[in-house]
Amino acid sequence: MLEYMGARGAICVVADINEAGVEATRKDLEAKGLRAMGVSCNVADEESVEALFTRVRSEYGRIDVAVLNAGILRDGLLIRTDRDTGKIKGKMSLEQWQSVIDVNLTGVFLTGREAAAHMAELGHGGVIIPIASVAMHGNPGQSNYSAAKAGVATLTKLWAHELARYKIRVAGIAPGFIATEMVMKDMNQKALDMWKERIPVRRLGEPKEIAQTAAFIAENDLVTGVVLEISGGVVI
Ligand SMILES: NC(=O)c1ccc[n+]([C@@H]2O[C@H](COP(=O)([O-])OP(=O)(O)OC[C@H]3O[C@@H](n4cnc5c(N)ncnc54)[C@H](O)[C@@H]3O)[C@@H](O)[C@H]2O)c1
């Protein structure tokens, strides 16, 4: 995403909780001749998010596009029963629920709020691009993730209305199954094989296809208040 945006002239800010990843990505972007700054940030932590945006503003004097992309998976069924006895043998833990809500929903709230606050104060408008998921429609095994992403989709639409007066557009992306670390490492591979059969284009999406969509949103002044499903046609 950053490489794609950088190649189109953006100065990129790499912000992630993974410090080593931030530094490696920043170096990689610079090696490709792109301008980039790295900041480690926990999107679920208010002070950390406030510090990120304050730093970016003081460094560059403006914030044009914010892609709210951080996310985690902690999949599991709401309850699991023993096939023979019918007794409960597992539940989605509160920690499993809360950790995903903290990063995927509260993280979007905090980063979206800070992006909006700085863009509004600076007075030049801007674009906020929250990353939802097709799971926002309700994917079994993902109570935590689906609830968070449905919240993200709703925030996207209501922020578009609230923030239009500041010339801030808000449009989201709901990816389907994209070949990233999250899907290749964190997702249940049996479930992924099942889903592959159900994707009309018969393949996972590529990260570049999501980056292209973010660039399209950033560049098209008429796009706001929508969540674009970029999924190869998969229906949840
Ligand atoms: N890959 C897919 O198929 C897919 C599908 C739908 C939606 N999405 C969404 O796209 C976004 C990007 O996912 P991805 O597939 O690139 O996953 P990824 O795991 O490759 O990247 C997610 C990034 O978020 C960072 N992160 C996690 N917790 C954080 C925190 N508290 N603060 C800051 N950063 C944090 C991770 O370090 C990681 O670099 C996520 O919001 C995800 O839910 C992905």
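In short, a report on the structure. (Residues numbered from 1 in each chain as written. Predicted model: local features only at pLDDT ≥ 70, side-chain atom pairs only at ≥ 80, totals over all residues.)

### Thoughts on the sheet that holds strand β7 (residues 168–170)
Now for step 1: As summarised here, the arrangement of the three strands in space is β3-β6-β7, forming an open sheet in which the pairing is parallel. Edge positions in the sheet fall to β3 (65–68) and β7, since each has one partner strand and no second. When strand polarity is set aside, the average angle formed by the axes of neighbouring strands in this sheet is 15°.
Now for step 2: Both strand β6 (residues 126–130) and β7 contribute to a ladder of three bridges, which runs parallel. In the strand pairing of β7, V127 is matched with R169.
Now for step 3: In the packing of helix α4 (residues 94–122) onto the sheet, the strands contacted are β3, β6 and β7, and the crossing angle to β6 comes to about 175°.
Now for step 4: Contacts between helix α5 (residues 143–163) and the sheet are confined to β6 and β7, with β7 contributing the most and set at about 155° to the helix. (Pairing = 2+ DSSP bridges. Helix = DSSP H or I, 4+ residues; strand = E, 2+ residues; numbered from the N terminus. Axes fitted to C-alpha atoms, helices over the stretch in contact; angles between N-to-C directions. Contact = placed C-beta atoms within 7 Å.)

### Concerning unusual backbone geometry
Now for step 1: Phi at K167 takes a positive value of approximately 60°, unusual for a residue other than glycine.
Now for step 2: Tracing the chain through its elements places K167 in the loop between α5 and β7.
Now for step 3: Here K167 falls in the partly exposed class, since 14 other C-beta atoms lie within 10 Å of it.
Now for step 4: For R202, which is not glycine, the phi dihedral falls at a positive 60°.
Now for step 5: Mapped onto the fold, R202 is located in the loop between α7 (189–197) and α8 (207–219).
Now for step 6: Look at R202 and you get exposed, because 10 C-beta atoms sit within 10 Å. (Buried ≥ 20, exposed ≤ 12 C-beta atoms within 10 Å, placed from the backbone.)

### A word on the environment of D64
Now for step 1: The topology assignment puts D64 in the loop between α3 (46–60) and β3.
Now for step 2: Residue classification places D64 among the partly exposed residues on the basis of 15 C-beta atoms within 10 Å.
Now for step 3: Linking D64 and T54, residues 10 residues apart in sequence, is a C-alpha distance of 14 Å.
Now for step 4: In contact with D64, not counting residues within four places along its chain, are G126 and V127.

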